[in-house]
Amino acid sequence: MSHPVVPIKLYVGIFLALIALTITTVGVSKIELGDYNFIVAMAIAVIKGTLVVLFFMHVKQSSSMTKLFVVAGFFWMAILFVFVLSDYFSRGWLPGGKWW
Amino acid sequence: MTHIAIVTYSLGSPLGSNTDVRGLKNCDNHFQHLYRCHAQQAQILFYLYFAMTGLHAVHMIVGAGLLITLIFMAVRNRFSEAWYTPVDMIGLYWHFVDIVWIFLFPLLYLIGHTK
């Protein structure tokens, strides 16, 4: 199998962007934003993950079929997360004390 | 405090009503203090902490072995423009491990920093 060779400049650029975003997320975490600390941290993580998937994993230059499978994979993972988190967040809603 | 924040964010409700999660101010982040004041929270917290970092470490050890294999194959000129499938496949695996840490790092170490 083969695909177009990606210039090293792009990889270095993405690497520097990831480093910059890491510094940003550490910096923002030191600022008191209440619940927004969590949202900002996860938003930056999603941006970083997207960069890795698109460029390091070559999804940007891949076929529509590959992109569809990537989306399907993340959709399936989201379903699993919903199941797990619905367990976590709903525990203790019913009376009766400890649940473990 | 960093680690307690995971509990308050993701596990706030399952902790039961016996312990006041908001009363964490009275305890510093010294481990012994954490165990005494919030033993059950500490237990589930460190179960999650070590399970997630441990599983990630296993993935990384496997990845390190694969990358070493790649180095040996490259040194022996096994790859060409026509065939470099292992580089692609192991690269995909390594970046999957990468993405896991991109999300685990803020969740485990950053959220709750200001608490």
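What you see is a predicted model, and the numbers here were worked out from it, not measured in a lab.

## Section: the overall build of chain A
Scanning chain A from N- to C-terminus turns up 3 helices and 0 strands. Sequence-ordered secondary structure for chain A, helices as α and strands as β, is α-α-α. Over its C-alpha trace chain A gives a radius of gyration of 19 Å, far above what one expects of a compact globule, namely 13 Å for 100 residues. Its C-alpha atoms give chain A principal-axis dimensions of roughly 60 × 35 × 20 Å. A total of 100 residues make up chain A; the buried ones form 12% of that total.

## A look at the confidence of the model for chain B
A low pLDDT means the predicted coordinates there should not be read in detail. All names here are of chain B. Per-residue pLDDT for chain B averages 77, and the proportion of residues at 70 or more is 65%. The element-level mean pLDDT for chain B is lowest in helix α1 (residues 2-10), coming to 48, with helix α4 (residues 85-110) highest at 94. Here residues 7-26 is modelled with pLDDT under 50, and outside its nearest four sequence neighbours on either side it reaches 29 contacts, counting other chains as well. Reported for the predicted complex are a pTM of 0.77 and an ipTM of 0.86.

## Overview of the confidence of the model for chain A
Per-chain confidence: chain A averages 90 in pLDDT, with 93% of residues scoring 70 or above. Confidence, read as mean pLDDT per element, is least for helix α3 (residues 64-90) of chain A in chain A (94) and greatest for helix α1 (residues 8-29) of chain A (96).

## Overview of the domain arrangement of chain A
Domains assigned within chain A are domain 1 (1-61) and domain 2 (63-92). On a C-alpha basis, the centroid separation for the pair domain 1 of chain A and domain 2 of chain A is 20 Å.

## Details of the environment of A:Trp93
Examined against the element boundaries, A:Trp93 turns out to sit in the segment after α3. Separated by 24 residues in the primary sequence, A:Trp93 and A:Phe69 have C-alpha atoms spaced 37 Å apart.

## Concerning the packing of helix α3 (residues 39-75) of chain B against α4(B)
All names here are of chain B. Relative to each other, α3 and α4 sit at 155 degrees, their axes nearing to 10 Å. Between α3 and α4, the crossing angle belongs to the class labelled roughly antiparallel. When the axes of α3 and α4 are compared, the crossing they make is left-handed. In contact with Tyr49, Met52, His56, His59, Met60, Gly63, Leu66, Leu67, Leu70 and Met73 of α3, α4 contributes Pro86, Val87, Ile90, Tyr93, Trp94, Val97, Val100, Trp101, Leu104 and Leu108. The residue inventory of the contact of α3 with α4, partitioned by class, reads 17 nonpolar, 3 polar and no charged.

Parameters at a glance
Residues numbered from 1 in each chain as written. Chains lettered and ligands numbered in written order. Predicted model: local features only at pLDDT ≥ 70, side-chain atom pairs only at ≥ 80, totals over all residues. Helix = DSSP H or I, 4+ residues; strand = E, 2+ residues; numbered from the N terminus. Rg over C-alpha atoms; globule rule 2.2 N^0.38 Å. Buried ≥ 20, exposed ≤ 12 C-beta atoms within 10 Å, placed from the backbone. pLDDT = per-residue confidence, 0-100. Contact = placed C-beta atoms within 7 Å. Domains from an automatic or database assignment. Axes fitted to C-alpha atoms, helices over the stretch in contact; angles between N-to-C directions. Parallel < 35°, antiparallel > 145°, perpendicular 65-115°, else oblique. Left-handed = near helix turned anticlockwise from the far one by under 90°. Nonpolar A, V, L, I, M, F, W, Y, C, P; charged D, E, K, R; others polar.

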